Amino acid sequence: MQRTGHEFYRKTRNNSIVKLVRERYIRDDIPCQSEACKSTPSCQEATPTSSALLTGDATHYVVPDISASTLVAIRYLEILEQEELRNIIVPQTVMLSLQQHDKSRTYKRLRQVVGDPRRNSIVFYNEICSDTHVSRLPGESSLHREERALRKLAEWYHQHTGKRIIILSELFTSSSSQGVEIYSVEQYLKKMWPEHTTLQNLREVLKEAEIEEDLDTIRLFSSIDSKKGRPVAGYTEYRSSADLEAGIKSNRYISGIIRINASNRDQAFVANNNSPLGDVMIVGNEDRNRAVQGDTVVVELLSEVNQATPSFGISYDGNDDEELGYQASVEPNSTKRRPMGRVVGIIQRNWRSYVATIQEDGVEQGGSMHLAIPLHPVIPKIRIRHQDVKSIANQRIVVRIDSWPVSSQYPNGHFVRSLGPIHQLDTEISAILVEHGIPESQASRGFGEACMREMPTDTPETPWRPTEEELSTRRDLRNIDIFSIDPPNCQDIDDALSVHELGDGRIELGVHIADVSYFVKENSHTDLEARARVDRFAGKLTKGLQLPHGGLLTRKDLYYLIVSVIWTLDNNYKVVDTWFGRSVIRSACEMEYEQAQELFNGADTVKGLDKKTAQKLKKSVVKLVDILRVVRERRLGKGALELESSEVKFQIASEHNITDIIPKKELEVHEIVAEAMIMANASVAERVHQRFKDSALLRHHPAPTKERFKLLEQAAATRGYQIDYTSNKTLAHSLEHIADQSSDDPALVSLLKTMATMAMNEAGYISSGNTTFDHYYHYGLALPYYTHFTSPIRRYADVIVHRQLMECVLETSVSPSPATPSLLHSNSKLLNLCLNLNLKTRESKLAQRDSAELFQSLYVLQQLKNGPIIMSGIISEIRSNGFFVYVPRLVLKGPVYLKDKSGELMVPLSIVSGNSSDDNAYMTNCSYDSDNQTYVAINAADLPRPIKFQLFDHVQVSLKLHMSHAHRHQVYMTLVGFEHRQAANVKLSTKTLTEEIISGEHKEVQATKEKSKSAKASKAFRQTAQNDSVYAILESFRQMNLIEDSEESQ
Ligand SMILES: [Zn+2]
């Protein structure tokens, strides 16, 4: 090893520049991490092929010159972020340079590119590698040295891999040679991506963009404040970082993430946990001082007298319940006054890609600067440059913010690409994906070549078969009747069941799951790919990649490799022994839910099953239901909750035509299969934790927080019900009691249960080492340990759990090699993975909610063509300007406004007349009285007595659509009449309809087996689109959420 000095400059807090000297050790064993490297043994030793990152089949590798001093280059970072670009070698010197110049955002973005395994990109330690290290020559400029260093690195790579190496630089002047080419980004795109107009256009746009990082750099490197302009709109320059730091220390400032109130964009909040006063409120655009939703800001507290009360009205442009977690911080109906503040600095921008629409009036005016209105109502309009605005008018476009100088009323940004014409289903679905950070092209792409090569060949001509040797290591269950119960046409069956009577009164109950960890090794290409995407695109794992018999496919004469959980039960169905391990099975039958239910109901013959099989399986199914009913009852006795989810099925007849919205129907068999899966997940969780005390991947559902249950408590009290949520047991009791007492009002029961579900905390993945035993408890399921094990083909967490279980039962490490440390044993690595999985799950949940709203609005749009849509509903929430009504028939919650934006009352005459056509005429001279919580009363001189609307009152509403250009159409409702909540007064027809729907919904929700729903839905989708369409993508993240809702009762 060799020692060398290294010096660099660093900006200090007070903006002076100091020279630092560091010593480095030079090494000669740094591997190139390329599959193409065949000649250098030290590379191959250090990186076994399974973890090589640069692909062997690439035409070229890219070495970008993005250092802090090359101003031009930073702006092109967005090009590198495009997922088409792969095999990028980022020199560590580039990373260092960004770090040293406080380019933390650029640094993070670059790290993200390199950290995404799908990009096959790496950081190379060129400075400590003896072959690529370059010392500065006397009198040499840093640019020249950098150029030499990158060149040397490129040449070294060319020698190792034989690939064309392309250095991207806007400044380097030397010419290409020896397999090393130097291009500007423009030249590179023209040469290597000539057809890719999106990339070409993006570069054009970026060339013009004023990027905030650039501005900072200009300030740092030049003394002229050329870019600063005169402040406008009441904005002020941000304070220096030294000021901010001192202010935070002395509690004069607080820092935190800024959240904007979706129902009143003039109000923003920054959480302030240190103060009993609670969150700091920021009122108005001026005091928000260019902060954007999600930015980490520094807020100066205004004097104590300045306090304000958060408003609590219904938003007039949709997106009302902003983010799920937000409700907790802005406590509804709270009249508590809050301290006010003003943004004086930004610690971290949280800018992302935004979906937007060009402001309509701007299109007529022409010109090159335009305002784009983001889809998300709390994001400010963004000023972008576009030469041909007519071509993107009436389209949903993707834009990015580049900078927000003090001299500009709106942030400056740039156009990235168009998603298509507004209000088209495809466009709007793409918009939802972008808004939730779900890469669309990634989703529709199958698994790559490299992944496919890792799978054994398995074609109809040469089917893959396990070797005798492999079979001999597995428990042989081929003589046992094992069957699967799934929705019709299920393609990716990954679980099966068995009930085997031992003859002495004991029974073996088995759950059998596809042995995915046998085929997918840790850190293999497939594993990395799945890790990056699988929790969202769970369904895709099998679409792009058929696991040979790891998935239980419908081939009769084949054996399946399985991981089994087998419980030995005594005659009271108590577990006396549990066996976990690898096995081999033969499938006796793939049943559909309906078939299994019929067998259980007593049918001797069932359509689609031959008589012999039916007879054989009938006994098993009956026994299975018998056992799992008992298991389920016991779990409910311990406090497990039966909550509501509002899953619906959309019937889509053609691309733009949603013909119906149907609440799901549920069979008992669904519940039974789900119970078996819950039982398996719980057993595996406990087993895995025995060995992995500090790093078991578990699933935790925390007990509810008080604040979130308060509203529900108060709401239930208006009907005289008590909700006791001291424990899950008391809560289950309370809900049961309400159901009994209100059996004549199923809509109310369903609504209260939905509200309880909403008030729950979200379940999430945890690493056992990060918390203590009492934090493992799953509140909703009432289980001490829980995890996800039963869907490894569709969820990545399950793959990890399979590997951990295998280490337990095989008593040996399943890590690929000692060189690459396994994730399984590292609490911190696992914790990171959990955070990531939880984040993505949450985004996909929000995306799912958005897509349901999209479908509902399209449905209303179509139905309105046939005349008014009058529905029965129930008041679900009272706000300061109206209330929300829940329509069970469509599983839809929508606002009824009683005041307009300016606060004027608008009480429709139809309430009195009962005539729906009167809903456009308003009562005059009336007054409004409300506690913003349980009732609204309307009083008018010509009314005999006030009309009072109370929470949970039944009403008749007419569904309307608020048509929008820049946003999705929003469903709202007008009141057309009352229904008395006493059952006797309800018109029979409505009542029957409601009951029918609600009762179906009820049963469904409890412990639904997710697949039935998703398959039904995907069938509906399939009528119109092939598998890789956006519908399929949407479907795959629906699946993910359905699993959550059903097994978890979240
Ligand atoms: Zn090499």
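We now turn to the structure provided with this report. (Residues numbered from 1 in each chain as written. Predicted model: local features only at pLDDT ≥ 70, side-chain atom pairs only at ≥ 80, totals over all residues. Heavy atoms only, no water.)

Next up on the list: helix α25 (residues 728-741). The terminal C-alpha atoms of α25, which comprises 14 residues, lie 20 Å apart, in line with the 20 Å expected from a rise of 1.5 Å per residue. Restricting attention to buried positions, one finds in α25 the residues Asn728, Leu731, Ala732, Ser734, Leu735 and Ile738. Seen from one end, α25 has its buried residues packed into an arc of 160°, which puts them on one side. Counted as exposed and oriented over 90 degrees from the buried face of α25: His733 and Asp740. Looking at the buried residues of α25, the elements they touch are α24 (706-717) and α26 (746-759). (Helix = DSSP H or I, 4+ residues; strand = E, 2+ residues; numbered from the N terminus. Expected span 1.5 Å × (residues − 1). Buried < 20%, exposed > 50% of the residue type's maximum accessible area, 1.4 Å probe, protein only. Arc of directions from axis to C-beta. Contact = heavy atoms within 4.5 Å.)

A word on the nonpolar core. Ranked by internal contacts, the top residues of the largest apolar core, which has 75 residues, are Ile485, Leu497, Leu509, Met591, Leu624 and Phe789. It is helix α23 (residues 668-691) that contributes the most residues to this core, ten residues altogether. Contacts of phenylalanine 789, omitting those with residues within four sequence positions, involve Ile513, Val563, Val565, Ala680, Asn681, Val684, Arg795, Asp798, Val801, His802 and Leu805. In terms of nonpolar packing, the next biggest core, distinct from the first, is built from 57 residues, Ile875, Ile878, Leu892 and Ile938 among them. (Core = buried A, V, L, I, M, F, W, Y, C linked by side-chain atoms within 4.5 Å.)

Turning next to the sheet that holds strand β18 (residues 395-403). Around the barrel, five strands lie side by side as β15-β16-β17-β19-β18; this closed barrel has mixed pairing. Mean inter-strand twist for the sheet, computed between neighbouring axes without regard to direction, equals 55°. Relative to strand β17 (residues 382-385), strand β16 (residues 369-374) is paired through four bridges, and the arrangement is antiparallel. Of the residues in β17, the one forming a bridge with methionine 369 is arginine 385. Across the sheet, helix α8 (residues 197-208) touches β17 and β19 (412-421), and the angle it forms with β19 is around 155°. Across the sheet, helix α14 (residues 425-435) touches β15 (353-358), β18 and β19, and the angle it forms with β19 is around 140°. (Pairing = 2+ DSSP bridges. Axes fitted to C-alpha atoms, helices over the stretch in contact; angles between N-to-C directions.)

The next point concerns the sheet that holds strand β34 (residues 935-940). In spatial order, the strands read β33-β34-β35; together these three strands make up an open sheet with antiparallel pairing. One side of each edge strand has no neighbouring strand; the edge strands of this open sheet are β33 (926-930) and β35 (947-950). With strand direction ignored, the average angle separating the axes of adjacent strands in the sheet is 15°. Note: β34 against β35, four bridges, orientation antiparallel. Bridge assignment links valine 936 to a residue of β35, and that residue is phenylalanine 949.

In short, geometric facts, not functional conclusions.
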